[in-house]
Amino acid sequence: MSNMLYELKNIKRYYNGRCALSINHLAIEGGQIYALVGPNGSGKTTLLRILAFLDEPTMGEVFYNGSLVAPKMMPFLRREVTMLLQDSRLLTRKVKDNVAYGLKLRGMDPLSMKHRVNEALEMVGLSPKEFANRKWYELSGGEAQRVALASRLVLRPKVLLLDEPTANVDAVSESLINDAVVRAKEEWKTTIIVVSHNLLWLYSVADEVLTLWGGRIIQQGPENIIPGPWKKLETGLYCKTLRDGQKIFVSGEPSESKVISISPSEILLASHGEKSSARNVLRGFVTQMTYHNGDQVRVHVSVGDITLVAFLTKDAVMDLNLHPGMDIYVIFKASAAKWL
Amino acid sequence: MDYILAGIQEAFVLLLSGDEEVYTAVFATLKVSSMSIFFTLVIGLPTGFLLGYTNFPGKNFVRSVVDALLALPTVVVGLWVYAFISSRGPLGNLNLLFTLPGVAIGEVVLALPIVIALSAQAIEELDLSVKDTLLTLGAAGRKLALDILWEGRYGMLMAAVTAYGRIISEVGVATMLGGNIKWRTRTITTAMAFETNKGQFAMGMALGFILLLIAFIVNGTLSFAKRRRQSR
């Protein structure tokens, strides 16, 4: 049975005559984590705002739960769809009142509300005893962002949209925010749609990746995105050195963004790193294996400081005896990379 | 230098002895400024909020006019209000000229653009991020508007305090519309100007100290509002 939550048809969004977003068709299923990737100005935030019902497309249709969304429905839909904005602010009140704000609007009784507020604070690693009565200005940047996230998590939303939730926070807060987001999906089957600079985390948790470029979705499905820096070699290839010293070689001319993408279907896995005609043979280990579209297995391999995703058939997984933690070789051609 | 020191010394004597002339001017000032700020806020805050919160054709023009009125010279305000409330003016039968309510009308005209412009700006600045934050949490309609108003309270306080500072320290309107009548419409600023011209330096000093005290309180409140607003 289809679990389609959103369907966008022939969407266009213009700002001052400039087309910021143009999507012919996009379907988003419930209970999944979607990652939006792409350079600045690619339309990620515009898409998030339309999905959050904060903004309307200039033309086109948005369907939510099978119904065409009309402007007058948007305030009601925002009761089950919430978004953590890139520049999300706390309300000028105590932490507990910030977190309880949405519940009060929904008419929850004070006792249940207190329980839910404490639960949400704990979920983002803030002790209710220590933080509940703090004022909004008595928090660090990371703590404030966690309170902002708790204000959304407390609603147990059907959809949680996150625009760079960890852009300006410390490492501890980043880890706690990332964990809380995944927990929301696991506990409440919340659909998560997230934009994050932390591609390693993003690719490790996303069920689906939408790659945007110039306001269009240029790729849908898991994708391996590898940012620079890239060093030009005498051979004409470009090389990136990973944290463990291994090197990735790619061909072609770099784009302005200096980011490459490699389709998972271009990646082969082998148990031995014997000589290959492919330029890239990298050593890594399997971190995660999940079924994809029923007949395929998505395999996440950690290589140096990046994670690469490959699709294998079930037979191939059996032949290689693949399992999480297993050492494996990742093989792909230098020409498999596309400059974004 | 001696006459300054002597003036300061005498000023303290006047203040501590409860000099009637000094305190009559102080009370007249407090009375007229309270009246003025009350009506300024009653009219200005809702207008400023609506100007900042709503969008309508010609909004930019209205904002420009309000911003331009911020630079209104006090004597121009005094002149125009005088024209209206003098015996030959359209409001002449109300006998407001050379009364504290008459002065208050002028001060309302002077302070209104400040409150409208600053509160509209406070709401507009909030609107960018706070409105979206409230929307994402599920607020809508009247609740959304009221919560934006609440979130803008420090900006509104700044607008009110700035306007009060302008009212309490102005001299042009108070002189032209109040007439500086002793025991009746003489305020701190008009008394200071008048007494200093008369050579009553100590009286001017004493009133100056009180004005400074009020200014410190006003500025302290302003700093508090600024800090709270910036700590968002």
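Residues numbered from 1 in each chain as written. Chains lettered and ligands numbered in written order. Predicted model: local features only at pLDDT ≥ 70, side-chain atom pairs only at ≥ 80, totals over all residues. Heavy atoms only, no water.

**Digging into the overall build of chain A**
When helices and strands are tallied, chain A shows nine helices and 21 strands. Taking 20 Å as the expected radius of gyration for a compact globule of 340 residues, we find that chain A reaches 22 Å, a close match to that expectation. Its C-alpha atoms put chain A at 65 × 45 × 40 Å along the principal axes. The burial tally for chain A puts 54% of its 340 residues in the buried class. Across chain A, contacts joining residues at least 24 apart in sequence account for 67% of those joining residues at least 6 apart. Carbon and sulfur atoms make up 49% of the accessible area of chain A, which totals about 15,600 Å². For chain A, the centre of its 41 positive side-chain charges and the centre of its 35 negative side-chain charges are spaced 5 Å apart. (Helix = DSSP H or I, 4+ residues; strand = E, 2+ residues; numbered from the N terminus. Rg over C-alpha atoms; globule rule 2.2 N^0.38 Å. Buried < 20%, exposed > 50% of the residue type's maximum accessible area, 1.4 Å probe, protein only. Contact = heavy atoms within 4.5 Å. Areas by Shrake-Rupley, 256 points an atom, 1.4 Å probe, with all protein chains shown as cover. Lys, Arg positive; Asp, Glu negative; His and termini not counted. Charge placed at Lys NZ, Arg CZ, Asp CG, Glu CD.)

**Considering the packing of aromatic side chains**
Taken as a whole and judged by the stated rule, the model has twelve aromatic pairs over all chains. An aromatic cluster of three or more residues is present, and its members are Trp136(A), Tyr137(A), Tyr154(B) and Phe224(B). Here Arg134(A) stacks its cationic end above the ring of Phe131(A), 4.2 Å away from the centre of that ring. In this structure, Arg279(A) packs its charged tip against the face of Phe249(A), placed 3.9 Å from the ring centre. (Phe/Tyr/Trp six-rings, centres within 6.5 Å; stacked < 30°, edge-to-face > 60°. Lys NZ or Arg CZ within 6 Å of the ring centre and 35° of its normal.)

**A short note on a nonpolar patch on the surface**
Residue and element names in this part refer to chain B. Taken together, Val 75, Val 76, Leu 79, Trp 80, Phe 84, Leu 91 and Leu 94 make up a surface patch of nonpolar side chains, about 670 Å² in accessible area. As for its position among the elements, Val 76 is in helix H4 (residues 74-85). The exposure class of Val 76 is partly exposed, given its relative accessible area of 32%. (Patch = residues over 30% accessible without salt bridge, like charges linked within 9 Å, V, L, I, M, F, W, Y side chains within 5 Å. Salt bridge = Lys/Arg side-chain N within 4 Å of Asp/Glu carboxyl O.)

**Some details on the interface of chain A and chain B**
Taken together, the contact between chain A and chain B spans 25 residues of the former and 19 residues of the latter. Between chain A and chain B, roughly 2,000 Å² of surface is buried when both sides are summed, and carbon and sulfur atoms account for 53% of that area. The largest contributions to the chain A side of the interface with chain B come from Arg89(A), Thr92(A) and Tyr101(A), which together make up 29% of the buried area. Run the count over chain A and chain B and you get two salt bridges. (Buried area = accessible area lost by both parts, 1.4 Å probe.)

**Some details on the environment of Ala167(A)**
Residues and elements named next belong to chain A. Relative to the helices and strands, Ala 167 is located in the loop between strand E7 (159-163) and helix H7 (171-188). The exposure class assigned to Ala 167 is partly exposed, which follows from its relative accessible area of 35%. For the pair Ala 167 and His 197, spaced 30 residues apart in sequence, the C-alpha separation works out to 6.9 Å.

**So, the nonpolar core**
Residues and elements named next belong to chain A. By size, the foremost hydrophobic cluster in this structure holds 96 residues, and its most contacted members are Tyr 6, Leu 149 and Ile 193. Once you skip the residues sitting within four places of it in the chain, Tyr 6 turns out to touch Leu 26, Ala 27, Ile 28, Leu 51, Phe 53, Phe 63, Tyr 64, Val 81, Val 159 and Ile 193. If you look at the next biggest cluster of nonpolar residues, it comprises 30 residues, including Leu 242, Val 250, Leu 308 and Met 326. (Core = buried A, V, L, I, M, F, W, Y, C linked by side-chain atoms within 4.5 Å.)

**So, the environment of Leu153(A)**
Tracing the backbone through its elements, the reader meets Leu153(A) in helix H6 (residues 141-153). If sequence neighbours within four positions are ignored, Leu153(A) has contacts with Met123(A), Val124(A), Leu160(A), Ala180(A), Ala184(A) and Trp188(A).

**Quick word on the sheet that holds strand E10 (residues 216-220) of chain A**
All names here are of chain A. Read from one edge of the open sheet, six strands run E6-E7-E8-E3-E9-E10, paired in mixed fashion. For this open sheet the edge positions go to strand E6 (81-84) and E10, each flanked by a neighbour on one side alone. The mean angle between the axes of side-by-side strands here comes to 20 degrees, regardless of whether they run parallel or antiparallel. Bridge analysis of E6 against E7 gives four bridges, and the strand direction is parallel. Following the sheet pairing, Val 81 is matched in E7 by Val 159. Along the sheet, helix H1 (residues 44-51) contacts strand E3 (33-37), E6, E7, strand E8 (191-195) and strand E9 (208-213); its crossing angle with E7, the most-contacted strand, is approximately 155 degrees. Each of E6 and E7 touches H6; the most contacted strand, E6, lies at about 175 degrees to it. (Pairing = 2+ DSSP bridges. Axes fitted to C-alpha atoms, helices over the stretch in contact; angles between N-to-C directions.)

**Focus on the sheet that holds strand E5 (residues 67-68) of chain A**
Residues and elements named next belong to chain A. One open sheet holds the four strands; their spatial order is E2-E1-E4-E5, and the pairing between them is antiparallel. Strand pairing shows two members of the sheet lacking a second neighbour, strand E2 (18-29) and E5, which therefore form its edges. Bridging between strand E4 (residues 59-64) and E5 involves two bridges; their strand directions are antiparallel. Directly across from Phe 63, in E5, lies its bridge partner Leu 68.

**A closer look at the pattern of salt bridges**
As enumerated under the stated definition, the model contains 17 salt bridges over all chains in all. Two residues, Arg134(A) and Glu143(A), come together in a salt bridge whose shortest N-O distance is 3.8 Å. Asp147(B) serves as the salt-bridge partner of Lys143(B), at 3.2 Å between the closest nitrogen and oxygen. Of this pair, Lys143(B) and Asp147(B) both sit in helix H6 (residues 141-151), separated by four residues, roughly a single helical turn. On the basis of relative accessibility, which here comes to 38%, the residue Lys143(B) falls in the partly exposed class.

**Comments concerning the confidence of the model for chain A**
Of the residues in chain A, 97% reach a pLDDT of 70 or more, and the chain-wide mean stands at 90. Mean pLDDT values over the elements of chain A span from 72, in helix H8 (residues 199-205) of chain A, up to 97, in helix H3 (residues 95-105) of chain A. (pLDDT = per-residue confidence, 0-100.)

**A closer look at helix H4 (residues 110-123) of chain A**
The periodicity of an α-helix, 3.6 residues per turn, causes residues three or four places apart in sequence to face the same way. Residues and elements named next belong to chain A. Taking 1.5 Å as the rise per residue, H4 with 14 residues should run 20 Å; its terminal C-alpha atoms sit 20 Å apart, in good agreement. Among all positions in H4, only Met 113, Arg 116, Val 117, Ala 120, Leu 121 and Met 123 are buried. Each buried residue of H4 sits inside an arc of 155 degrees when the element is viewed along its axis, so together they form one side. Turned more than 90 degrees off the buried face of H4, the exposed positions are Leu 111, Lys 114, His 115 and Glu 122. Packed against the buried residues of H4 are H3, helix H5 (128-131), H6 and H7. Immediately beyond the C-terminal end of H4, within one or two residues, lies Gly 125, with a positive phi of roughly 80 degrees. (Expected span 1.5 Å × (residues − 1). Arc of directions from axis to C-beta.)

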